[in-house]
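Analysis of the macromolecular model
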Amino acid sequence: MICVKNIESVADQKWSSSEKYPGVRWKFLIDADFIGSSGLSAGFAEISPGGDLTLHHHAPAELYVITNGTGILNKSGELEQIKKGDIVYISADANHALKNNGPDTLEFYWIFPTDRFSEVEYISA
Ligand code: 7BC
Ligand code: NI
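Residues numbered from 1 in each chain as written. Chains lettered and ligands numbered in written order. Predicted model: local features only at pLDDT ≥ 70, side-chain atom pairs only at ≥ 80, totals over all residues. Heavy atoms only, no water.

A word on the site of ligand 1. In the vicinity of ligand 1 there are 13 residues, among which His56, Glu62, Tyr64, His96 and Tyr122 approach most closely. A distance of 3.3 Å is found between an oxygen atom of ligand 1 and a side-chain nitrogen or oxygen belonging to His58. Contact between ligand 1 and Tyr122: an oxygen atom at 2.5 Å from a side-chain N or O atom of the residue. Protein chains bury 99% of the 300 Å² of accessible surface belonging to ligand 1 in isolation. At the level of secondary structure, the elements contributing two or more residues to the shell around ligand 1 comprise β3 (52-57), β4 (62-68) and β9 (106-112). In terms of residue class, the shell around ligand 1 is made up of nine nonpolar, three polar and one charged. (Near = heavy atom within 4 Å. Polar contact = N/O pair within 3.5 Å; in protein donor to acceptor, adjacent residues only side chain to side chain. Areas by Shrake-Rupley, 256 points an atom, 1.4 Å probe, with all protein chains shown as cover. Helix = DSSP H or I, 4+ residues; strand = E, 2+ residues; numbered from the N terminus. Nonpolar A, V, L, I, M, F, W, Y, C, P; charged D, E, K, R; others polar.)

Within this structure, the stated rule accounts for six salt bridges. Close ionic contact of Glu46 with Arg25 constitutes a salt bridge, the shortest N to O distance being 3.0 Å. Taken together, the residues Glu46 in strand β2 (residues 41-47) and Arg25 in strand β1 (residues 24-30) connect sequence positions 21 residues apart. According to the relative accessible area criterion, Arg25 is partly exposed, its value standing at 36%. A salt bridge links Asp86 to Lys83, with the nearest nitrogen and oxygen atoms 3.6 Å apart. (Salt bridge = Lys/Arg side-chain N within 4 Å of Asp/Glu carboxyl O. Buried < 20%, exposed > 50% of the residue type's maximum accessible area, 1.4 Å probe, protein only.)

Attention now goes to the coordination of the nickel ion (ligand 2). Within the protein, the atoms that donate to the nickel ion (ligand 2) are His56 (NE2), His58 (NE2), Glu62 (OE) and His96 (NE2), at distances of 2.1 to 2.3 Å. Each donor residue of the nickel ion (ligand 2) belongs to the same chain, with the gaps between them written as H-x1-H-x3-E-x33-H. Classification of His58 by relative accessible area gives buried; the value is 1%. Residue Glu62 is classed as buried on the basis of its relative accessible area, which comes to 3%. (Donors = N, O, S within 2.8 Å, 3.2 Å for Na, K, Ca; no water.)

Below is the structure:
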(Lines give C-alpha, C1' and ligand atoms only; values in the text may rest on other atoms or scores of the structure.)
(Ligands and ions follow the chains in the order given, each with its own letter.)
Protein backbone atom coordinates (compact mmCIF):
# COMPACT_ATOMS: atom_id res chain seq x y z
CA MET A 1 0.00 0.00 0.00
CA ILE A 2 1.19 3.53 -0.77
CA CYS A 3 -0.95 6.38 0.50
CA VAL A 4 -0.73 10.18 0.40
CA LYS A 5 -2.53 12.26 3.03
CA ASN A 6 -2.51 15.89 4.07
CA ILE A 7 -4.51 18.06 6.41
CA GLU A 8 -6.97 19.07 3.64
CA SER A 9 -7.59 15.44 2.76
CA VAL A 10 -8.93 14.83 6.28
CA ALA A 11 -11.18 17.92 6.34
CA ASP A 12 -14.10 15.70 7.35
CA GLN A 13 -12.20 14.33 10.38
CA LYS A 14 -12.90 16.23 13.60
CA TRP A 15 -9.93 17.73 15.45
CA SER A 16 -9.07 15.82 18.62
CA SER A 17 -8.13 17.55 21.87
CA SER A 18 -7.70 16.88 25.58
CA GLU A 19 -7.98 19.06 28.67
CA LYS A 20 -4.54 17.67 29.59
CA TYR A 21 -3.09 19.57 26.62
CA PRO A 22 -4.51 23.14 26.59
CA GLY A 23 -4.43 24.89 23.21
CA VAL A 24 -3.47 21.69 21.37
CA ARG A 25 -5.50 19.97 18.66
CA TRP A 26 -4.61 17.19 16.28
CA LYS A 27 -5.75 14.97 13.41
CA PHE A 28 -4.73 11.49 12.34
CA LEU A 29 -3.17 11.01 8.91
CA ILE A 30 -1.34 7.68 8.59
CA ASP A 31 -3.03 5.32 11.02
CA ALA A 32 -4.35 1.75 10.97
CA ASP A 33 -7.66 2.95 12.43
CA PHE A 34 -8.17 5.33 9.49
CA ILE A 35 -6.42 3.95 6.41
CA GLY A 36 -5.43 0.38 7.34
CA SER A 37 -1.70 1.17 7.36
CA SER A 38 0.79 -0.71 9.57
CA GLY A 39 4.29 -0.39 11.01
CA LEU A 40 4.32 3.41 11.26
CA SER A 41 1.72 6.01 12.15
CA ALA A 42 1.63 9.80 11.86
CA GLY A 43 -0.57 12.77 12.54
CA PHE A 44 -0.59 16.55 12.45
CA ALA A 45 -0.90 18.79 15.51
CA GLU A 46 -1.32 22.50 16.11
CA ILE A 47 -0.46 24.35 19.33
CA SER A 48 -1.90 27.86 19.59
CA PRO A 49 0.21 30.68 21.11
CA GLY A 50 0.51 29.93 24.84
CA GLY A 51 -0.71 26.35 24.35
CA ASP A 52 1.10 23.46 25.97
CA LEU A 53 1.52 19.79 25.10
CA THR A 54 2.36 19.07 28.70
CA LEU A 55 5.01 16.72 30.06
CA HIS A 56 4.35 13.07 29.27
CA HIS A 57 6.01 9.87 28.17
CA HIS A 58 5.03 6.74 26.28
CA ALA A 59 6.67 3.41 25.40
CA PRO A 60 7.13 4.05 21.65
CA ALA A 61 9.86 6.41 20.47
CA GLU A 62 8.57 9.44 18.57
CA LEU A 63 9.61 11.98 15.94
CA TYR A 64 8.35 15.55 15.60
CA VAL A 65 8.72 17.38 12.28
CA ILE A 66 8.13 21.08 12.96
CA THR A 67 6.45 22.81 10.01
CA ASN A 68 5.49 26.22 11.47
CA GLY A 69 6.18 28.45 14.40
CA THR A 70 8.46 28.28 17.41
CA GLY A 71 8.27 26.56 20.77
CA ILE A 72 10.08 25.40 23.85
CA LEU A 73 10.84 21.70 23.92
CA ASN A 74 11.18 20.15 27.36
CA LYS A 75 13.72 17.32 27.04
CA SER A 76 13.23 15.47 30.34
CA GLY A 77 13.81 18.75 32.20
CA GLU A 78 16.26 20.45 29.83
CA LEU A 79 14.70 23.20 27.71
CA GLU A 80 15.54 23.89 24.06
CA GLN A 81 14.04 26.41 21.66
CA ILE A 82 12.75 24.74 18.50
CA LYS A 83 11.51 26.21 15.22
CA LYS A 84 10.06 25.48 11.78
CA GLY A 85 12.29 23.01 9.93
CA ASP A 86 13.47 21.16 13.03
CA ILE A 87 13.06 17.43 13.46
CA VAL A 88 13.07 16.04 16.99
CA TYR A 89 13.83 12.48 18.11
CA ILE A 90 12.31 11.36 21.42
CA SER A 91 13.48 8.00 22.74
CA ALA A 92 11.17 5.40 24.29
CA ASP A 93 9.83 6.42 27.72
CA ALA A 94 11.58 9.83 27.69
CA ASN A 95 9.58 12.64 29.32
CA HIS A 96 8.87 15.45 26.86
CA ALA A 97 6.68 18.52 26.44
CA LEU A 98 6.22 21.22 23.83
CA LYS A 99 4.95 24.73 24.57
CA ASN A 100 4.22 27.44 22.03
CA ASN A 101 6.05 30.53 23.30
CA GLY A 102 5.79 32.45 20.01
CA PRO A 103 3.19 34.56 18.18
CA ASP A 104 2.38 32.00 15.46
CA THR A 105 0.61 28.66 15.52
CA LEU A 106 3.14 25.92 16.20
CA GLU A 107 2.50 23.12 13.71
CA PHE A 108 4.17 19.73 13.55
CA TYR A 109 3.81 16.18 12.36
CA TRP A 110 4.41 13.38 14.85
CA ILE A 111 5.48 9.90 13.80
CA PHE A 112 5.29 6.74 15.90
CA PRO A 113 6.66 3.25 15.11
CA THR A 114 3.21 1.85 15.82
CA ASP A 115 0.29 0.76 13.67
CA ARG A 116 -2.00 3.31 15.28
CA PHE A 117 -2.09 6.29 17.66
CA SER A 118 -4.76 4.59 19.76
CA GLU A 119 -2.30 1.97 21.00
CA VAL A 120 0.07 4.59 22.46
CA GLU A 121 -0.49 4.86 26.21
CA TYR A 122 0.12 8.46 27.34
CA ILE A 123 1.51 8.74 30.85
CA SER A 124 1.53 12.22 32.38
CA ALA A 125 4.78 13.07 34.13
O1 7BC B 1 -0.37 15.70 19.51
C2 7BC B 1 -0.52 14.80 20.29
C3 7BC B 1 -1.59 14.79 21.27
C4 7BC B 1 -1.65 13.94 22.29
O5 7BC B 1 0.33 13.73 20.35
C6 7BC B 1 1.47 13.72 19.57
C7 7BC B 1 2.60 14.36 20.25
C8 7BC B 1 3.28 13.58 21.35
O9 7BC B 1 4.23 14.09 21.94
O10 7BC B 1 2.96 12.45 21.66
NI1 NI C 1 4.76 12.32 22.98
